[in-house]
Amino acid sequence: MSDLLSTYGGYDVKRLPTPCFLIVETKFDKNCRHMLERVNELERETNVPIKFRAHIKTHKTAKGTLKQLGVGLIETPKDSIVVSTIKEATELLNYQDKICKQYVKDICFGLPACVPEIIDQLNTLSGRVQNLRIFVDSVEHLDNLVKFGRSANDRKWSIFIKVDMGTQRAGLPTESAEFLELLKKLITPEVAEVADLYGFYAHAGHSYNVTNILDAHDLLLQEIKAVNEAAKMVRKLNPKINAIDLTLSVGATPTSNSLRIRDELEINEYIRDTLVGTLEIHCGNYCVYDLQQLSTNCINDFECSGYVLGTVLSSYKERHEMLTNAGVMALTRESSKFKGNGLCIHTDTILKDESYKIDWFIDRISQEHGILKQYHGQEDQEFPNKKTPLKPLLNLGEKIAILPQHACITMGQFPHYFVLDNDNKVSDVWIPFQKWQ
Ligand SMILES: Cc1ncc(COP(=O)(O)O)c(C=O)c1O
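The rules we used
- Residues numbered from 1 in each chain as written.
- Predicted model: local features only at pLDDT ≥ 70, side-chain atom pairs only at ≥ 80, totals over all residues.
- Heavy atoms only, no water.
- UniProt positions renumbered as here; feature names shortened; annotations may be inferred.
- Phe/Tyr/Trp six-rings, centres within 6.5 Å; stacked < 30°, edge-to-face > 60°.
- Helix = DSSP H or I, 4+ residues; strand = E, 2+ residues; numbered from the N terminus.
- Buried < 20%, exposed > 50% of the residue type's maximum accessible area, 1.4 Å probe, protein only.
- Lys NZ or Arg CZ within 6 Å of the ring centre and 35° of its normal.
- Patch = residues over 30% accessible without salt bridge, like charges linked within 9 Å, V, L, I, M, F, W, Y side chains within 5 Å.
- Areas by Shrake-Rupley, 256 points an atom, 1.4 Å probe, with all protein chains shown as cover.
- Salt bridge = Lys/Arg side-chain N within 4 Å of Asp/Glu carboxyl O.
- Lys, Arg positive; Asp, Glu negative; His and termini not counted.
- Charge placed at Lys NZ, Arg CZ, Asp CG, Glu CD.
- Core = buried A, V, L, I, M, F, W, Y, C linked by side-chain atoms within 4.5 Å.
- Domains from an automatic or database assignment.
- Near = heavy atom within 4 Å.
- Polar contact = N/O pair within 3.5 Å; in protein donor to acceptor, adjacent residues only side chain to side chain.
- Pairing = 2+ DSSP bridges.
- Axes fitted to C-alpha atoms, helices over the stretch in contact; angles between N-to-C directions.
- Contact = heavy atoms within 4.5 Å.
- Buried area = accessible area lost by both parts, 1.4 Å probe.
- Nonpolar A, V, L, I, M, F, W, Y, C, P; charged D, E, K, R; others polar.

Under the annotation held in an unreviewed UniProt entry, the protein carries the name D-serine dehydratase and is attributed to Maudiozyma barnettii. Its UniProt record, at the heading Sequence similarities (unreviewed entry), says of the protein: "Belongs to the DSD1 family."

This is how it looks when you write it as C-alpha cells:
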C-alpha cells in the first residue's frame, strides 16, 4: 500500500487536504465501459472488425489505463494505447513488469517525432513491448529511420502516417503535394527495408468546437473518409499493399462520443460498404470529461468523473463573493464556452447520476486562489442579478468540488489523485506518470 493510501485511505472527501484532485471511481468506470460498449456495438452493427485504442494522456496512470482497456469491466479487454510522452509508456511498462502482467501489448507514441534524440528512446521502448507504433508526417522522418536502421531485435518500425484533418495541428492533409511525396517515399526499397506502414491516423481536434452530437458525428465520418482516402492513395501507388491490413485510426472524445447516436447512421453504411482498411477508434479524455466536453453537448454534467477539491477560505459580503485556495496552479487557465475557471458542485452530489444544481462558479483566478461568484447560468453572469435571489455565502472551511475546464491539463497539476468510492471515501490513490524525464 502506498504511503498516501495508508494515510488517507477511508478518509471522507470532506477531510482531504486541499487543493487536491478527486476521481469518482464508479463514474470513471462507467465512462470507460460505455465507450468500449459503443465500439463493440458498432462492430456488431456493421459486421466488420473495429479496433479500439485508448489515449492515456488525461490521467497518465497505470490503474486508469487498465480501466480504459476494460480490465475488470468487460469480458474481453483491449490491449492498445496511445501515449503523449515516452515517460508514460516507460512507466506503464515498468508497472506491468512489476505485476508480471501484459495488459498493454500495443503502444503508439502520439507525436510525429522521428528525430535522432527521440528515435533512440523509441528504439528502447520497442524492445520492451510487443508492438510499438510511431507517427511519421515528414519525408525527413523516413530519412532518419533509414539512417537509424531497424528497431530493437531487428524489427521493422511500424508506422502510422498522421493525417491533418484541417486543424493544422500535426500531420499532412491527404490532398497536399507533401502527403503524396511522403507516400511515394514510403514505398521505396530503402524505407521498406526498415519500416512497414501500419496505417493512417487522424485526430479531429476541431470537434471540441461542436455544440451538438450530430455535428460531432459528421466530423467522425469526415475523419473516417480522410483516412480511407489515404489508404486508397497508397493502394494506388503500390497495388501489392493489402488495404484491409491497414489500420485506419480515428477519434477524439467528441467524435467518439457521437457513437451514442444509434439510428440512421450513414457511418455504418460507409464502414460496411466503402472502407478499404480496418477501422480503429481512439480517444482519451472520455474517461474523465470536463467543461470543454460539456460544451459540446455530447455528455451530461454528472458523467464527469474528475474534480478539483478546494476549500472556502474567506468571504466578502458586499460583493457577495468568496475566496478559495484553487487558483491557476490547481485549475489552469484553460477555457471553454463556460465562463470562468470551473463550476462548483456540492461534494455530497458528485456521486449522483442526475443533473447538478450549480450555485457557484470560479469567476477569476490568481496563482494560488480563485474567486467564487454566484452562478446564474451561462446567459447572465452579471452581478447584482435582479432575477435570481442571492444564495447564502458558504461557510469558511467548507469544501467545494470544482468541475474543471480541461481535465487533461488540470490533472497535470497534481502529484496524485484521490479515488473515491460510493460512500465518498478514499479507496485508492493513483500516482500519475507526470512530466517527461
Ligand atoms: C494524437 C492524439 N490522439 C488522440 C487524442 C485523444 O483525444 P481526446 O482526448 O479528445 O479523446 C489526442 C488528444 O490530444 C491526440 O493528440
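Further notes follow.
In total, this model carries 14 aromatic pairs according to the counting rule given. Taking the centre distance of 5.1 Å and the plane angle of 75° together, the rings of Y8 and F418 count as edge-to-face. Here F418 lies in strand β16 (residues 417-420) and Y8 lies in helix α1 (residues 3-8), a separation of 410 residues in the sequence. Accessibility classification places Y8 together with F418 in one group, the buried group. Ring centres 6.4 Å apart and planes at 75° place the aromatic pair Y307 and Y356 in the edge-to-face group. Taken together, the residues span a long stretch of sequence, with Y307 in strand β10 (residues 306-316) and Y356 in the loop between β12 (342-345) and β13 (360-365) at a distance of 49 residues. The burial state of Y307 is the same as that of Y356; both residues are buried. Taken together, the ring pairs connect F135, F160, Y198 and Y201 into an aromatic cluster. Over the ring of Y198 we find R133; its NZ or CZ atom is 3.6 Å from the centre of that ring. R319 extends its terminal NZ or CZ atom over the ring of Y316, reaching a point 4.0 Å from the ring centre.

Among the surface-exposed residues, D215, D218, E266, E269 and D273 lie close enough to one another that they form a single negatively charged patch. Of all the secondary-structure elements, those providing two or more residues to the negative patch are α9 (213-237) and α11 (266-273). The element best represented in the negative patch is α11, accounting for three residues. The residue D273 is located in helix α11 in this model.

Let us look at the nonpolar core. Counting 133 residues, the largest nonpolar core has L16, L22, L145, I159, F200 and Y307 as its most contacted members. The element that contributes the greatest number of residues to this core is α9, accounting for nine residues. Split by domain, the residues of this core number at least three in each of domain 1 (26-287) and domain 2 (293-430).

Near the ligand, the surroundings consist of 13 residues, among which R169, Y201, Y208, T253 and G284 are the closest. Between an oxygen atom of the ligand and a side-chain N or O atom of K57, the distance comes to 3.1 Å. One of the backbone nitrogen or oxygen atoms of N285 is found 3.0 Å away from an oxygen atom of the ligand. Here the ligand has 400 Å² of accessible area as a free molecule, and 93% of this is covered by the chains.

Strand order around the closed barrel formed by eight strands is β2-β3-β4-β5-β6-β7-β8-β9, with parallel pairing between neighbours. Taking the axes of each pair of neighbouring strands and ignoring which way they run, one obtains an average angle of 30° across the sheet. Strand direction decides the pairing type here: strand β4 (residues 106-112) and strand β5 (residues 131-136), joined by five bridges, are parallel. Bridging across to β5, C108 finds its partner in R133.

The next subject is the pattern of salt bridges. With the rule as written, the count across this model stands at 23 salt bridges. Close ionic contact of R150 with D154 constitutes a salt bridge, the shortest N to O distance being 3.8 Å. Exposure remark for D154: the relative accessible area of 56% places this residue in the exposed category. In this structure, E321 and R319 form a salt bridge, with 2.4 Å as the shortest nitrogen-oxygen distance. On the accessibility criterion, E321 (6% relative accessible area) is buried. Among the ionic contacts, a cluster of salt bridges with common partners joins R53, D106, R133 and E280.

You can read the domains of the protein as domain 1 (26-287) and domain 2 (293-430). Between domain 1 and domain 2, the C-alpha centre-to-centre distance is 34 Å. Each partner contributes residues to the interface: domain 1 has 26 residues there, and domain 2 has 25 residues. In total, domain 1 and domain 2 occlude about 2,000 Å² of area from one another, counting both sides; carbon and sulfur atoms represent 50% of this. K63 serves as the salt-bridge partner of D428, at 2.9 Å between the closest nitrogen and oxygen. Run the count over domain 1 and domain 2 and you get 17 residue pairs in polar contact (both at pLDDT 80 or more). Secondary structure elements with two or more residues in the side of domain 1 that touches domain 2: α2 (25-46), α3 (62-69), α9 and α10 (253-257). The element best represented in the side of domain 1 that touches domain 2 is α2, accounting for five residues. Its residues assigned to classes, the side of domain 1 that touches domain 2 comprises seven nonpolar, 13 polar and six charged.

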